[in-house]
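Structure assessment
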Amino acid sequence: MNTQTKPGFSIKALLIFLGVLIANIAVNGVIFVFFRDSSLNPLLTAVLAVLWGVLGVYLIYYTFTWAVEKFPDRISRRVLPYVFIGPAVLVLGWLLVLPALRTLYLSFFNASSDKFVGLGNYIAIFSDRLLATALRNNLLWVFVGTLACVAFGLLIAILADRSSYERIAKSIIFMPMAISFVAAGVIWKFVYYYQPGDEQIGLLNAIVMALGGEPQAWVSMLQPWNNFFLIIILIWMQTGFAMVIFSAAIKGVPDDILEASRVDGAGEIRIFFRIIIPFISTTILTVTTTIIVFTLKIFDVVMVMTGGQYGTEVVATQFYRQFFMYRNFGYGSTLAIVLLIAVLPVIIINLRQFRKQGGF
Amino acid sequence: MAGKKKRRSKKWIVNIVLGIICFVWLLPTLGLLISSFRPAADILETGWWKVFPHQEWKTKDTIQLSKDVDLRGPIEVNGQTYTDDQLKSGVMQDGKRLTWENRRAREISVQDQGWVGSSKLTLDNYKNVITGKEYTIKNADGSESKEKGTGLSQAFWNTLTIAVPATVIPVLIASFAAYAFAWLRFPGRKTLFVVIIAMLVIPIQVALIPVLKDYTSLGLNGSYLGIWLAHTAFGLPLVTYFMYNFISQLPKDLFESAFMDGATHFTIFSRLILPLSVPALASIGIFQFLWVWNDYLVSLIFIGNQPEVQVMSMKIADLVGSRGNDWHLLTSAAFISMLMPLAIFFLLQKYFVRGLMGGSVKG
């Protein structure tokens, strides 16, 4: 293929490149419109889509690299990297980077995005009662949820490490991570289910009754404590994640240190706090930040369990409500930006860590 | 030595405590699974744990009190006297239990303890939730009513239609980009990669409003293409980062010798890098697939309420909203949506865990 080795600019190569560009835009444009407007059987659409996804995307790269190689070596070597990263950069730019900037811009405008209000939206979301509840609940989620996940994860990792059935136990605790929050919501809604009368089919109420207590509608009554019953779902799902990572870290604690301290007469609890915890402190920090980021954006659980009613609103559900129900793009954008600001420290930590690892 | 012995003796405590935790962890899912096989009326009548054999009081006999017995005073039954309250909560007599069967009609039931286990299990819930056809259902009071099926099979195929391309496309695009970032030198490389790292934990909410506006003007709302592209974009930073970590660790001489043979970057990538990256591709592919499969927010925003393209998570969330007490539907529907993740979890656990660990930075 690499026949054009003579130096200088080649008109022919440029024409080929333009031809490939236009052909790609045309062909994929047609496929784009076809998929957009097609009303085929979903299974057939899926098969065609996979074909397009694999072959189509592959062909884009193939034809472009082929065209770029027609250029003189000196130029093609410079252009080629952009062919490789091009699609990724275009998709990211269009659907993530630019929208983020546009959202920031919209957050300074009113509900219908036609009047500049400065920081008005930001002041409003901290003073509006519903939004303030959302912020308070999010803090509750982040604080209680993360703390419990990390504590349970650590405890179970330690126990599993010393038990005789580590693999099975870890599988059981980890399994909820695989399922969706919506399914988990159904599972726990059933656990918390309350019906008037003597016969309770919800597990929690049945236990409460067996212990002589009064059955309750756990997720709708008892505000603001009902939030805790929702947070339990997060704990149930995310503890497995913390556990698996801690488990790997604990196995990295050198055996001779543990043996030596045991010989010195240190008890297991003392060993745990004085040796294991300091040894895996970086891991604890990583797991904590990861769960915090995850919890900040919590949405599905609340949506399925209460729809944000009964004082269980969080920022992400309030975002959805402002955006879709009240059509208030100003508040919606501002809430999204508040979430972004909340994860900003993590972004900075990530970047710093990446630089430290000698990424570049 | 003494320490070791002591530890061994403590092991049974660890085993028991861990066993209890595991049991508690499994219990909610177990309840869902068992309930999904119970007849609709049974689910609402008794708790799911009643399917296991357990001892229960069963009425053997009834005693009819005469009309002139004062229920407020002591009541004489078989030669012994009881108060009204005692009979309300049940009272023992000669190994049998006496309790009101019907206080108005002055009937006392004499109950015996016996083993019962409801073995009435059925696949009807699954049938009803999968099809979209009408079916009849027996109510708790014995009456029958007609209901329309949920049509979850349609949603299942929709979810698959969305999830497979939304996994393949980003993984392919990201691998090309990761290769360029790892092994090619070009201006802007550093800046672009820093942007990708910064995008790792970005809440997708910041993108939703503008993207929805663009989609509306392009006519992409509620289309497969729109949701593939959305998932591609939201998954790309993580997949690129994950693949970069893998591809940049490959030995350098691999590339050099291939270059010597006159291979182009494209051939190196497709003949050498992709086959070598299969474990990494599998791990991150599984993560992205499950992410899309379990997604609710992105579908909710970009699919909206077009029933013909709705995914399972939306269908189930709708069921929770509209049929919140119909546990026969909810339990079986939720379990169907869990089948794919659980199958992947148990069959491909190694890749699954690795992908999840690598993917954990995504929010």
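Residues numbered from 1 in each chain as written. Chains lettered and ligands numbered in written order. Predicted model: local features only at pLDDT ≥ 70, side-chain atom pairs only at ≥ 80, totals over all residues. Heavy atoms only, no water.

- If you check an unreviewed UniProt entry, chain B appears there as ABC transmembrane type-1 domain-containing protein from Paenibacillus cineris.
- Looking at the Sequence similarities (unreviewed entry) heading of the UniProt record, one finds this comment for chain B: "Belongs to the binding-protein-dependent transport system permease family."
- Chain B has a UniProt comment under Subcellular location (unreviewed entry) that states "Cell membrane". (UniProt positions renumbered as here; feature names shortened; annotations may be inferred.)

- For chain A, an unreviewed UniProt entry supplies the name ABC transporter and the organism Paenibacillus cineris.
- The UniProt entry for chain A carries the following comment under Subcellular location (unreviewed entry): "Cell membrane".
- Per UniProt, chain A carries the Sequence similarities (unreviewed entry) text "Belongs to the binding-protein-dependent transport system permease family."

Description of the overall build of chain B
- The helix and strand tally for chain B stands at 16 helices and 8 strands.
- Counting across all 363 residues of chain B, residues that qualify as buried make up 55%.
- Taking the contacts inside chain B whose residues are at least 6 apart along the sequence as the reference set, 67% of them involve residues at least 24 apart.
- When the accessible area of chain B is evaluated, it comes to approximately 16,400 Å², of which 59% is carbon and sulfur surface. (Helix = DSSP H or I, 4+ residues; strand = E, 2+ residues; numbered from the N terminus. Buried < 20%, exposed > 50% of the residue type's maximum accessible area, 1.4 Å probe, protein only. Contact = heavy atoms within 4.5 Å. Areas by Shrake-Rupley, 256 points an atom, 1.4 Å probe, with all protein chains shown as cover.)

A word on the overall build of chain A
- In terms of helices and strands, chain A carries 15 helices and 0 strands.
- Compactness check: chain A gives a C-alpha radius of gyration of 28 Å against a globular reference of 21 Å for 360 residues, more than 25% above the reference.
- Dimensions of chain A along its principal axes, counting C-alpha atoms only, are 85 × 60 × 50 Å.
- Across the 360 residues that make up chain A, the buried fraction comes to 54%.
- If you take every contact in chain A between residues at least 6 apart in sequence, the share linking residues at least 24 apart comes to 65%.
- A total of about 17,000 Å² of accessible surface is found on chain A, and carbon and sulfur atoms cover 70% of it. (Rg over C-alpha atoms; globule rule 2.2 N^0.38 Å.)

What about the packing of helix 6 (residues 165-183) of chain B against helix 11 (residues 265-276) of chain B?
Residue and element names in this part refer to chain B.
- In the contact formed by helix 6 and helix 11, the axes pass within 11 Å of each other and the chain directions differ by 110°. Classified by the angle between their axes, helix 6 and helix 11 sit roughly perpendicular to one another. The chirality of how helix 6 crosses helix 11 is right-handed. Here helix 6 contributes Ser175, Phe176 and Tyr179 to the contact with helix 11, which in turn contributes His265, Phe266, Ile268, Phe269, Ile273 and Leu274. (Axes fitted to C-alpha atoms, helices over the stretch in contact; angles between N-to-C directions. Parallel < 35°, antiparallel > 145°, perpendicular 65-115°, else oblique. Left-handed = near helix turned anticlockwise from the far one by under 90°.)

Comments concerning the sheet that holds strand 1 (residues 54-64) of chain B
Residues and elements named next belong to chain B.
- Within the open sheet, the 4 strands sit side by side as 1-6-5-4. Their pairing is antiparallel. Taken across any chain shown, the strands that pair with only one partner, and hence form the sheet edges, are strand 1 and strand 4 (91-93). Across the sheet, the mean angle separating the axes of adjacent strands is 45° when strand polarity is ignored.
- Pairing of strand 5 (residues 96-102) with strand 6 (residues 107-116) involves 5 bridges; the strand directions are antiparallel. Counterpart to tryptophan 100 in the pairing with strand 6 is isoleucine 108. (Pairing = 2+ DSSP bridges.)

With respect to the environment of Leu106(A)
- Along the chain, the position of Leu106(A) falls in helix 3 (residues 73-106).
- Exposure remark for Leu106(A): the relative accessible area of 9% places this residue in the buried category.
- The spatial distance from the C-alpha of Leu106(A) to the C-alpha of Ser333(A) is 6.1 Å, given a sequence separation of 227 residues.
- When near neighbours in sequence (up to four residues on either side) are disregarded, Leu106(A) contacts Ser113(A), Asn121(A), Gly330(A), Ser333(A), Ile209(B) and Lys213(B).

Re the side chain of His265(B)
- Within the secondary structure, His265(B) is located in helix 11.
- There is a polar contact of 2.8 Å between the side chain of His265(B) and the side chain of Tyr179(B).
- Setting aside residues up to four positions removed in sequence, His265(B) forms contacts with Leu80(A), Phe84(A), Tyr179(B), Leu184(B) and Phe259(B). (Polar contact = N/O pair within 3.5 Å; in protein donor to acceptor, adjacent residues only side chain to side chain.)

Focus on the UniProt feature "transmembrane region" (unreviewed entry) in chain A
All names here are of chain A.
- The feature "transmembrane region" (unreviewed entry), as given by UniProt, occupies residues 12-35, 47-67, 79-101, 139-160, 172-194, 228-250, 271-296 and 329-351 in the numbering adopted here.
- Split by type, residues 47-67 is 100% helix and 0% strand. Its first and last C-alpha atoms lie 29 Å apart.
- The span residues 228-250 is 100% helix and 0% strand, and its two end C-alpha atoms sit 30 Å from each other.

Quick notes on the UniProt feature "transmembrane region" (unreviewed entry) in chain B
Residues and elements named next belong to chain B.
- Within the UniProt annotation, "transmembrane region" (unreviewed entry) is assigned to residues 12-34, 162-184, 191-212, 224-247, 268-291 and 327-348.
- The distance from the first to the last C-alpha atom of residues 162-184 is 33 Å, and the span holds 91% helix and 0% strand.
- With 100% helix and 0% strand, residues 224-247 has its two end C-alpha atoms placed 31 Å apart.

Quick look at the UniProt feature "domain: ABC transmembrane type-1" (unreviewed entry) in chain A
- The UniProt record annotates "domain: ABC transmembrane type-1" (unreviewed entry) at residues 135-350 of chain A.
- End-to-end, the C-alpha atoms of residues 135-350 of chain A are 25 Å apart, and along that stretch the chain is 74% helix and 0% strand.

Side note on the confidence of the model for chain B
- For chain B, mean pLDDT is 80; residues scoring 70 or higher make up 89% of the total.
- Across the assembled chains, the prediction reports ipTM 0.85 with pTM 0.84. (pLDDT = per-residue confidence, 0-100.)

Considerations on the UniProt feature "domain: ABC transmembrane type-1" (unreviewed entry) in chain B
- According to UniProt, the "domain: ABC transmembrane type-1" (unreviewed entry) feature falls on residues 156-348 of chain B.
- With 79% helix and 0% strand, residues 156-348 of chain B has end C-alpha atoms that lie 21 Å from one another.

As for the environment of Ala230(B)
- Along the chain, Ala230(B) turns up in helix 9 (residues 224-247).
- Sequence-distant contacts of Ala230(B), that is, excluding residues within four places in its chain, are made with Leu95(A), Tyr215(B), Val298(B) and Phe302(B).

What about the packing of aromatic side chains?
- Taken as a whole and assessed by the stated rule, the structure comprises 44 aromatic pairs over all chains.
- Ring plane angle 80° and centroid distance 5.0 Å describe the contact between Phe272(A) and Phe273(A), whose orientation is recorded as edge-to-face.
- Relative accessible area serves as the criterion here: at 53%, Phe273(A) is assigned to the exposed category.
- Consider the rings of Phe323(A) and Phe324(A), whose centres lie 4.6 Å apart with planes at 55°: the pair is tilted.
- Looking at Phe323(A), the relative accessible area reads 1%, which means it is buried.
- In textbook terms, an aromatic cluster arises when at least three aromatic residues are bridged by ring pairs, as seen for Tyr58(A), Tyr61(A), Tyr62(A), Phe84(A), Phe176(B), Tyr179(B), Phe266(B) and Phe269(B).
- Over the ring of Phe324(A) we find Arg327(A); its NZ or CZ atom is 5.7 Å from the centre of that ring. (Phe/Tyr/Trp six-rings, centres within 6.5 Å; stacked < 30°, edge-to-face > 60°. Lys NZ or Arg CZ within 6 Å of the ring centre and 35° of its normal.)

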